[in-house]
Amino acid sequence: MDLQGALRDLQHKRQDAERQAKEARAPLVEVFHSVQGEGRFVGVPMAFLRVATCPLRCRYCDTPNSYEAPASAPICFGVRTQQEPNPVRASRAAELVRQVATAALPGQQQLRVSVTGGEPLAFPDFVHQLGRAVREQGFRLHLETAAHDPDALAACVNQVDHLSADYKLPETLGEPVDKGLLLGPGDDHGARHVRCCEIALRRGATVDVKIVLTANATDVSFERALEQLRELRSKVLLVLQPATPFGDCKGPLPAQDLERFVATAVRAGFDLRVVPQVHRSLRVR
């Protein structure tokens, strides 16, 4: 290589290092491929990227391993798994998603990646940059979120094709890590949830609103949620999810309670689906 070529090579390496230094990073829990889906997409094959950390503590949470970032995250390429050091750059995460999807279903036509957690909105710049990178590769980006931070969603929503937004009933929540999210008596996060849905709808994304129902869910808080969502009922799909017993959630939702909640939502004019978590019964990730 001549001197000019060597200088160009050094310049390219420096520019690449500067670009990587500016990239958003996030701690990952895992990247994998599954048919577990979420909401209307249960059973749809897609890649999943799970980020670590969450400001909330849901009593039914079955992923407490996502509360703290591991030193490295397992990336599952079918029968092969490799460890990726944390935190991970957005462009690197996009490449891992592509490799995972290709390894699981070569030739798959409808490419989708679900960014979940933990809580992805803890890293809005990462979600934005990841979304831009995977969408350039032909993926549609699904964002699964507690929908507690409208400003963070606004920072990344133009890369989101589908939003799965939780509506947290207050009795399903424990004490949050972020004390700014601590609820007073009779309060909920409804205004935050609704604002997130409005942001995604204005962007043109499809929106599911998921309400997890536990045995201690009350009619008062459920009806309050429906009232908060009333203006959006023709624009979103309401997903009622009976909680899978785990952690503080010791038993299943009684059938008569589920039937009552469904009847209440139907009377309120919502298009709804009852979709329990399926990955445990399917024995998939």
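Rules and cut-offs
Residues numbered from 1 in each chain as written. Predicted model: local features only at pLDDT ≥ 70, side-chain atom pairs only at ≥ 80, totals over all residues. Heavy atoms only, no water. Helix = DSSP H or I, 4+ residues; strand = E, 2+ residues; numbered from the N terminus. Expected span 1.5 Å × (residues − 1). Buried < 20%, exposed > 50% of the residue type's maximum accessible area, 1.4 Å probe, protein only. Arc of directions from axis to C-beta. Contact = heavy atoms within 4.5 Å. Polar contact = N/O pair within 3.5 Å; in protein donor to acceptor, adjacent residues only side chain to side chain. Salt bridge = Lys/Arg side-chain N within 4 Å of Asp/Glu carboxyl O. Core = buried A, V, L, I, M, F, W, Y, C linked by side-chain atoms within 4.5 Å. Phe/Tyr/Trp six-rings, centres within 6.5 Å; stacked < 30°, edge-to-face > 60°.

> Pulling in residues and values, what's your account of helix 2 (residues 90-104)?
If you check helix 2, its first and last C-alpha atoms are 21 Å apart, about what 15 residues at 1.5 Å a residue would give, namely 21 Å. Residues of helix 2 that are buried: Ala90, Ala93, Ala94, Leu96, Val97, Val100 and Ala101. Take helix 2 and look down its axis: the buried residues cluster within an arc of 160 degrees, on one side only.

> Please set out the environment of glutamate 223 residue by residue, giving values where relevant.
Of note, glutamate 223 is situated in helix 6 (residues 219-229). When the C-alpha positions of glutamate 223 and glycine 186 are compared, they lie 13 Å apart, and in sequence the two are 37 residues distant.

> Give a detailed account of helix 7 (residues 255-267), specifying residues and quantitative values.
Helix length check: helix 7, at 13 residues, gives a terminal C-alpha distance of 18 Å against a target of 18 Å (1.5 Å per residue), a fit within 8%. Buried residues of helix 7: Asp257, Leu258, Phe261, Thr264 and Ala265, and no others. Seen end-on, helix 7 carries its buried residues on one side only, within an arc spanning 125 degrees. In helix 7, those exposed residues whose orientation departs by more than 90 degrees from the buried face are Gln256, Glu259 and Arg267. In this structure, the buried side of helix 7 is in contact with strand 10 (206-213), helix 6, strand 11 (237-242) and strand 12 (272-274). Within two residues after helix 7, glycine 269 carries a phi angle of roughly 90 degrees, on the positive side.

> I'd like a rundown of the side chain of threonine 214, residues and numbers included.
Within the secondary structure, threonine 214 is located in the loop between strand 10 and helix 6. Within the structure, threonine 214 has its side chain in polar contact with the side chain of asparagine 216 (distance 2.3 Å). In this structure threonine 214 touches Tyr60, Thr172, Ala243, Cys249 and Leu253, once residues within four positions along its chain are discounted.

> Please set out the pattern of salt bridges residue by residue, giving values where relevant.
Tallied over the entire structure, the rule returns 18 salt bridges. Ionic pairing is found between arginine 50 and glutamate 30, a salt bridge with its closest N-O pair at 3.1 Å. Of this pair, arginine 50 sits in strand 3 (residues 46-51) while glutamate 30 sits in strand 2 (residues 28-34), placing them 20 residues apart in sequence. Taken individually, arginine 50 and glutamate 30 each receive the classification buried, so the pair is uniform in this respect. Sharing partners across several salt bridges, the network here consists of Glu38, Asp166, Lys168 and Lys210.

> Got a sec to walk through the nonpolar core? Specific residues and values, please.
Leu49, Phe126 and Leu213 are the most contacted members of the largest nonpolar core, which has 66 residues in total. At seven residues, the largest contribution of residues to this core is made by helix 2. The residues contacting phenylalanine 126, other than those within four sequence positions of it, are Ala24, Arg25, Ala26, Leu28, Leu49, Val51, Val88, Arg89, Ala90 and Ala93. Cys58, Cys61, Leu173 and Cys249 belong to the second largest nonpolar core, which has seven residues in total.

> An account of the packing of aromatic side chains is requested, with residue identities and associated values reported.
Taken as a whole, this structure holds two aromatic pairs when the rule is applied. With centroids separated by 5.2 Å and ring planes inclined at 5 degrees, the aromatic side chains of phenylalanine 32 and phenylalanine 48 adopt a geometry described as stacked. A residue pair is termed long-range when its members are at least 10 positions apart, and phenylalanine 32 in strand 2 and phenylalanine 48 in strand 3 qualify at 16 residues. On the basis of relative accessibility, which here comes to 2%, the residue phenylalanine 32 falls in the buried class. Under the relative-accessibility criterion, phenylalanine 48 is labelled buried at 1%.

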